[in-house]
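# Residue-level structure breakdown
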Amino acid sequence: MIIICREVDKNTGKIAVYPLDAEVTDRLLFVLGLRAKLNPELTYYATTKAHYEGFADIITGTLKQRNVTPAAVARIGGIVQI
């Protein structure tokens, strides 16, 4: 598994999308879920490494859009918001 972070800079509005270099554990998922609730500029998504490697451009392009809807995430397939 791999975690992808979508970070919106609240000063400039610039959107960064990048994978986290960390082992995915239950604790990490719990902590990131809390962090996302407390910090609305951060959103985390989980997917498999193989899926990310195969569709990195599509995932990044979709998540860099100004408004990311659940329908847009569903169209990617294989990725879930934490």
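The preceding data block contains the structure.
Below: a short report on this structure. (Residues numbered from 1 in each chain as written. Predicted model: local features only at pLDDT ≥ 70, side-chain atom pairs only at ≥ 80, totals over all residues. Heavy atoms only, no water.)

Among the six residues that make up strand β3 (residues 42–47), six are buried, leaving the element largely enclosed by the rest of the structure. The side-chain alternation of β3 yields two buried faces, one formed by Leu42, Tyr44 and Ala46 and the other by Thr43, Tyr45 and Thr47. With six bridges joining them, strand β1 (residues 2–8) and β3 adopt antiparallel strand pairing. Note on β3: the bridge partner recorded for isoleucine 3 is alanine 46. (Buried < 20%, exposed > 50% of the residue type's maximum accessible area, 1.4 Å probe, protein only. Helix = DSSP H or I, 4+ residues; strand = E, 2+ residues; numbered from the N terminus. Pairing = 2+ DSSP bridges.)

So, about a nonpolar patch on the surface. A grouping of Phe30, Val31 and Leu34 is seen on the molecular surface, where their side chains present a nonpolar patch of about 270 Å² in accessible area. Mapped onto the secondary structure, leucine 34 falls in helix α1 (residues 26–38). Classification of leucine 34 as partly exposed rests on a relative accessible area of 38%. (Patch = residues over 30% accessible without salt bridge, like charges linked within 9 Å, V, L, I, M, F, W, Y side chains within 5 Å. Areas by Shrake-Rupley, 256 points an atom, 1.4 Å probe, with all protein chains shown as cover. Salt bridge = Lys/Arg side-chain N within 4 Å of Asp/Glu carboxyl O.)

Turning to the sheet that holds β1, a few remarks are in order. Within the open sheet, the four strands sit side by side as β2-β1-β3-β4. Their pairing is antiparallel. A single partner strand is all that each edge strand has here, and the edge strands are β2 (15–19) and β4 (80–81). Taken strand by strand, helix α2 (residues 49–63) contacts β1, β2 and β3, and its axis lies near 10° from that of β1. (Contact = heavy atoms within 4.5 Å. Axes fitted to C-alpha atoms, helices over the stretch in contact; angles between N-to-C directions.)

Turning to the nonpolar core, a few remarks are in order. Core analysis: the largest hydrophobic core is formed by twelve residues, namely Ile2, Ile4, Ile15, Val17, Tyr45, Tyr52, Ala56, Ile59, Leu63, Val73, Ile76 and Ile79. Listing elements by their share of this core, those giving two or more residues are β1, β2, α2 and α3 (70–76). Sorting elements by how many residues they give to this core places α2 first, with four residues. Sequence-distant contacts of leucine 63, defined by excluding residues within four places in its chain, comprise Ile4, Arg6, Ile15, Val17, Tyr45, Val68 and Ile79. Counting eight residues, the second largest nonpolar core, distinct from the first, contains Cys5, Leu32, Ala36 and Tyr44. (Core = buried A, V, L, I, M, F, W, Y, C linked by side-chain atoms within 4.5 Å.)

This part covers the pairing of β1. Burial within β1 is extensive, with five of its seven residues counted as buried. Here five bridges tie β1 to β2, and the two strands are oriented antiparallel to one another. What sits directly across from cysteine 5, in β2, is tyrosine 18. Connecting β1 to the next strand, β2, in antiparallel fashion are six residues, including glycine 13 with a positive phi near 85°.

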